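Chain by chain, the residues run as shown.
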Amino acid sequence: MQSPPSLVVVLGTGGTIAGTAAHAGDNVGYSAAQIGAAQLLAAIPALARQPIEVEQIAQVDSKDMGFAVWRALAAAAERHLARPEVGAIVVTHGTDTAEETAYFLQRVLAPSKPVVLVAAMRPSTSLQADGPQNLLDAMTVAREPGARGVVVVLAGQVHGGLDLRKVHTYRLDAFGSGDAGVLAQVEEGRLRRHRDWPAGVAMGLARLPRDVAQWPVVEIVTSHSESRGVLVRALRDAGVHGIVVAATGNGSLHHALEAALVDAQAAGVAVLRCTRTLGGGLIDAVPPVLPSAGALTPVQARIELMLQLLAKRAA
Ligand code: ASP
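Residues numbered from 1 in each chain as written. Predicted model: local features only at pLDDT ≥ 70, side-chain atom pairs only at ≥ 80, totals over all residues. Heavy atoms only, no water.

(A) Quick peek at the side chain of Gln 300. Within the fold, Gln 300 resides in helix H7 (residues 298-314). Engagement of the side chain of Gln 300 in a polar contact is seen with the backbone oxygen of Leu 162, the distance being 3.0 Å. Sequence-distant contacts of Gln 300, that is, excluding residues within four places in its chain, are made with Tyr 103, Leu 162, Asp 163, Leu 164 and Ala 295. (Helix = DSSP H or I, 4+ residues; strand = E, 2+ residues; numbered from the N terminus. Polar contact = N/O pair within 3.5 Å; in protein donor to acceptor, adjacent residues only side chain to side chain. Contact = heavy atoms within 4.5 Å.)

(B) Expanded view of the pairing of strand E12 (residues 242-247). Within E12, six of the six residues are buried, which leaves the element mostly enclosed by the surrounding structure. Where burial is concerned, the two faces of E12 agree: the one with Gly 242, Val 244 and Ala 246 and the one with Ile 243, Val 245 and Ala 247 are both buried. Bridge analysis of strand E11 (residues 218-222) against E12 gives five bridges, and the strand direction is parallel. Within E12, the residue paired with Glu 219 across the bridge is Ile 243. (Buried < 20%, exposed > 50% of the residue type's maximum accessible area, 1.4 Å probe, protein only. Pairing = 2+ DSSP bridges.)

(C) Focus on the nonpolar core. Core analysis: the largest hydrophobic core is formed by 53 residues, its most contacted members being Leu 11, Phe 104, Leu 105 and Leu 208. Taken domain by domain, the makeup of this core includes at least three residues from each of domain 1 (7-193) and domain 2 (216-314). Once residues lying within four places of it in the same chain are set aside, the contact partners of Phe 104 are Trp 70, Ala 74, Leu 208, Trp 215, Ile 303 and Leu 307. Counting residues in hydrophobic clusters, the runner-up holds 29 residues, among them Leu 47, Val 90, Val 116 and Met 139. (Core = buried A, V, L, I, M, F, W, Y, C linked by side-chain atoms within 4.5 Å. Domains from an automatic or database assignment.)

(D) Summary view of the sheet that holds E11. With parallel pairing, three strands are arranged side by side in an open sheet as E11-E12-E13. A single partner strand is all that each edge strand has here, and the edge strands are E11 and strand E13 (270-275). Here the average twist between neighbouring strands, direction ignored, is 25°. Against the sheet, helix H5 (residues 230-238) engages E11 and E12, with an angle of about 170° to E11. (Axes fitted to C-alpha atoms, helices over the stretch in contact; angles between N-to-C directions.)

Rendered as structure tokens:
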């Protein structure tokens, strides 16, 4: 296969990979998003002579990720991907919401070149800093001939952007891909691939209003023992456009919560049901009262519903 164009554009957004702590032994009491992406790259000698451009899009702890950063990030990625000399984008990101940003970017852009999110579980000052190796691995994926779509690199593993979930609070290999399994492994600068790159139809950036206050509001509620409809009614009164419900098991709902959701749906609130379990998807025996999000996690289903509502508005 032909070698891809060599220029990689790195878009910085913050995260622990750009975090610092007062002491090298401190792996949890640090501040995320302190140093720029250019500085992260400068710390990796192997990247010194590689053609790389850097643009700092944001500097946030990804727990605070929001629509404004997503829109700016998607717009920058689209702009750079359209340049013929650009072969790939690398996005430095926090681990906490990488699964949301990855899902969002894949659904909006479905890029034919690779967009590689990279994160770290330890701040840059840590004795155990994993950022530099993860960034180097992300560059390997970015330059892989034939690579495409949004993927996420952490701890030598490459996850498809539509499959990623954070599965551990502390371990360096904190990401999983559920039933889909990891897409590839990066080993000593080489890729060992297990399945295809992410593909799909792009929703397109044009559907996302520049004014993010215009984006639909979708909230998540959970079904659990002694559930009541009180949150659903409060959300409806607050004027939300959609509600995702994280159901028990194979999509079952506490009867009181289900009744409130059915009422909300009848009143025009879009409702989507997914499972709160850590694996598998919903398998409906009979047509469900409330629509199913299949195998999407609650946070993925929330983005999906938001995008569906935007698409409907544009239709
Ligand atoms: N709170 C951090 C963030 O998501 C955690 C991390 O990056 O590991 O930005």
